Amino acid sequence: MTKIKSINISGIRGIKDPLPLNLDNKSILIFGENGSGKSSLTDAIEWYYSDGVEHLISKETGATKGRGSLRNLFIPDNEDAFVNIHYSNNKLNATKSIDGSLRTSVSNTTDNFKEYLLATQSENLILRYRDLVEFIIATPGEKIEKLQNIIGFSAVADVRGLLKKSAGRIARNIKSANFDNQKNAQHTVVLDNLGQNAYTDDQLFAGANLLIKPLHIGKDIKSHKDIKDVLKTIEAKGDTALLEQISFYTKVGENLTEIFGNIDNIHSSYKTYHTIYTELRKDPENIQKLQLLALLKEGQSVLKNDVVQDDYCPLCLQEKSKIELIKELEERIRELETLEQKKDKLKEQGQKLKDTLRVNVNTIDGLLKEKLFKEEQQATLLEKVQQIRTSLNVFTDELKKELIAKDSIHEPSKIQINKKEISELAKQAQDTAKELTESKGSNTKFQIYTKLFQTVTAYNQYQSIKRQQEILTKQQITFQVLFADFIKRQEEALNVFLKTFSTNIDEYYTAMNPNEKIKDIKLVPIKDKNDDLVGITIEYSFFDETKTPPIAYLSESHINCLGLSFFLASVKAFNKQNELFILDDVISSFDRPHRTRFAKLLTDKFGEYQILLLTHDQGFFELVASDVKNKGWLIQNFTWSKENGVGIEKGTTDIKERILKKFEDKNTNGLGNDIRVYTEKIMKEIANNIDAQVAFRYNEINEKRMAPELLDAVHSRISKKGSELKDKANIQRLKGIPMFIGNVTSHDNEFNESIADLAAIWEDIEKTILIFYCDECGKSISIKYFDNVENKIRCGCGKLTYDWKQ
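Summary of the structure given here. (Residues numbered from 1 in each chain as written. Predicted model: local features only at pLDDT ≥ 70, side-chain atom pairs only at ≥ 80, totals over all residues. Heavy atoms only, no water.)

The helix and strand inventory of the chain stands at 25 helices and 17 strands. Counting over 806 residues, the chain shows a buried share of 46%. When contacts within the chain are restricted to residue pairs at least 6 apart in sequence, long-range pairs at least 24 apart make up 68% of them. Entry remark: accessible area of the chain is about 41600 Å², with carbon and sulfur atoms responsible for 49%. (Helix = DSSP H or I, 4+ residues; strand = E, 2+ residues; numbered from the N terminus. Buried < 20%, exposed > 50% of the residue type's maximum accessible area, 1.4 Å probe, protein only. Contact = heavy atoms within 4.5 Å. Areas by Shrake-Rupley, 256 points an atom, 1.4 Å probe, with all protein chains shown as cover.)

Using the criterion set out here, one finds 22 aromatic pairs in the structure. Note on Y199 and Y462: the rings are 5.9 Å apart at their centroids and 55° apart in plane angle, and the pair reads as tilted. Separated by 263 residues along the polypeptide, Y199 in the loop between α6 (179-194) and α7 (201-212) and Y462 in helix α15 (residues 444-512) bring together distant segments of the chain. Taking relative accessible area as the criterion, Y462 reaches 10% and is therefore assigned buried. Ring geometry for F248 against Y249: centres 5.1 Å apart, planes inclined by 70°, an arrangement best described as edge-to-face. In this pair, the class of F248 matches that of Y249, namely buried. Chaining the aromatic ring pairs together yields one cluster made of Y48, Y49, Y87, F113 and Y116. Directly above the aromatic system of W47 lies the positively charged group of K96, at a separation of 4.8 Å from the ring centroid. The ring of F606 carries K572 above its face, with NZ or CZ at 4.8 Å from the centroid. (Phe/Tyr/Trp six-rings, centres within 6.5 Å; stacked < 30°, edge-to-face > 60°. Lys NZ or Arg CZ within 6 Å of the ring centre and 35° of its normal.)

Across the sheet, which stays open at both edges, the 3 strands sit in the order β15-β16-β17 with antiparallel pairing between neighbours. Pairing within the sheet leaves two strands with one partner each, and these edge strands are β15 (782-787) and β17 (801-803). Sheet twist, expressed as the average angle between the axes of neighbouring strands with direction ignored, equals 40°. Here 3 bridges tie strand β16 (residues 792-794) to β17, and the two strands are oriented antiparallel to one another. Note that in β17 the partner of R794 across the bridge is T801. (Pairing = 2+ DSSP bridges. Axes fitted to C-alpha atoms, helices over the stretch in contact; angles between N-to-C directions.)

Pairing in this open sheet of 5 strands is antiparallel, and the strands run β2-β1-β4-β5-β6 from one edge to the other. In the strand order of this sheet, the two ends are held by β2 (19-22) and β6 (104-106), each with one partner. On average, adjacent strands in this sheet sit at an angle of 10° to one another, irrespective of strand direction. Strand direction decides the pairing type here: strand β1 (residues 4-10) and β2, joined by 4 bridges, are antiparallel. By the bridge assignment for β2, I7 is matched with L21. Of the strands in this sheet, β1, β2, β4 (81-87), β5 (94-98) and β6 are in contact with helix α1 (residues 38-50), which crosses β4 at around 80°.

It is worth spelling out the nonpolar core at this point. Ranked by size, the top nonpolar core spans 73 residues in total, and within it I227, V252, L256, L381, I388, L392 and L452 carry the most contacts. It is helix α9 (residues 240-281) that contributes the most residues to this core, 15 residues altogether. The contacts of I227, once residues within four sequence positions are left out, are L204, F205, I221, L452 and V456. Of all hydrophobic cores here, the second largest spans 48 residues; its members include F501, Y509, F581 and A625. (Core = buried A, V, L, I, M, F, W, Y, C linked by side-chain atoms within 4.5 Å.)

Regular strands place their side chains on alternate faces of the sheet. The buried fraction of β1 is high, at 5 of 7 residues. Looking at chain direction, β1 and β4 are connected through 6 bridges and run antiparallel. Its bridge partner lying in β4, I9 is registered against V83.

Even without a glycine there, the phi angle at N25 is positive, about 65°. Mapped onto the elements, N25 comes out in the loop between β2 and β3 (28-32). A residue is classified by how much of its surface remains accessible, and N25, at 27% relative accessible area, is partly exposed. The phi torsion at H216 lies on the positive side, around 50°, for a residue other than glycine. Considering the arrangement of structural elements, one finds H216 in the loop between α7 and α8 (224-234).

This part covers helix α19 (residues 655-665). Listed as buried for α19 are I655, R658, I659, K662 and F663. For α19, the angular spread of buried residues about the axis comes to 140°, placing them on one side. Considering only its buried residues, α19 is in contact with α18 (618-628), α20 (671-689) and α25 (755-772). A positive backbone phi angle near 55° is found at K666, which sits one or two residues after α19. (Arc of directions from axis to C-beta.)

Okay, structure coming up:
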């Protein structure tokens, strides 16, 4: 598997001058204030691998996949921006460049590199904070789509959809054609003329031989060619016009019989359509609101893509949690999507009816092309046939009416096609054909010719319809079998995957949230009423009750834990090419315990991976730094200046080291805050060592616990136990320092004092701390070293001692 040896970026986003990162296959922890260039690094790597930066892509930049925003604004047009990456496998080393006209090029054109890039597309390399909640708050349908994309099921889903669609289309064609009705119409003609059934060639030949027997032509019919020969032999040229009339009326009778057989299906299908249509029209306002669905989805996309970064509604401009806003949108979208599904059902039913109507209209149109309809004597028959077509068109016109139209569609009883009239018209045509045939009662040859001709025509038509029906039925069965087998195999594979995947998610989540009442987290497939797989949801046990979805019961912090767990499980499951991943500011809503557990999870479970961990949170940076500095990680800081853009320097992992560096550089930026945080850290250790009690607070309060409270606790303790220590430490002097006289709201504010003021404060603090810490062993005095004979408290080596009351 691949790791990164070095990255060099130039001219990309906020990075103007070349920014080299010599990783040497190691993990790296990077601290940088907001705007220092961390996201530029992440964007550059995303562009390198995916040829685009998702959060830069919008409708305006879609064509260039965000490339228009990639180049640093201050590099000359004739200068290329680039990302150069050297890997543990040097055959993959490459430089990707983008010039002033946004044309990109890659230096490595080998098949090895192309295959590596292609394989990387299905892996999970980068996680940003905004990505964390995206999967969690996605709809079940979106979840399965995301998961399908990740695990390569998109192509599988396409095949599944194609199979299902093909089987459905063929089934609709079979139903619309009503092949059995068509065959019955033709068989009726065979039976009327031949006097017996003829479903096979042998039955046809046997019946034909009986039919021509009175002619004594000495011909035994054994094939279709024999039938043609017999017809040619007994054909009478002078009876052509009569034969045309008989064929005309026979066809009219056949076609109208066929349409008669479809009328019930048309009426039933329209009745179903009318029921769905009427139900939807009961709430026209909801139908109108469906038009908002696209707008809501667009708003959802805007929020998820961080176009709006702060917590406020982009429409009303009022403060509102972005996650809450996304949740409300999700709920509204789900309601409208349910309504849209009903509308889709109406559309599907309408399409079925259209297909059925089209078959019958085509039959009528074909019949109306008969040339005898042009004769005046057929005017009445023509008008009646045209009326049937008009009746069919009424249904078609009703299907064109919109749901929100002023007038509803007609009641089913109002547009019934008159079956009786069609039946009578068909019988009348059949009777006319029979009368014409019998009009030459004395001409046996003519009657036999006519009956044999009509029989053969209807028989061939019957066989043609039968073959067409068999072909479509076989295709339908084939697609149904393939679809069923496909679904079975897909579900088996998906269930195996989800089981393993869920186990990892549960393990990582529990590691960050031990001893909580949330357990057994798993991804669960969702099926519709037809047993089709339509989505995936997250299920978990909450106080021993199964709950889903997660948002209703989990805090933002817990949702983030779930998102992190999902991403890390994805890395384990899918990163087969790259043994690396990037985490860009992913702990924003975590309190200290969660940050500690998350840092431990990374080092314990992902020690073999190369991790690029970026953060703007100083506390988290120091927490992780203290844990990984002895594990081979690189620790660096990103800096930014107007003159030089993004820069990089060795990270200071110790807060005291950082304070001293700022004094050396006369840099007051955040120095007051650093001194306060350092004092709080030391005072917590001292309070713990001398058993100074600080009132219990929940974590949220403890996170905001300030130095004055700790100083009070220490002062109170030593006042009761050690007057010598009390006089030396002079805690009251520290409590008078301006930056300690504050409240919670000032906790995160910088202390705006001069470097001289800060130096004086720092001197007082160091002197006080030295009262408690031994300069020999470096340890603080502690009650665990209490000498109950001398009544003294001391440090680890015993050099530093003070009186201490029992």
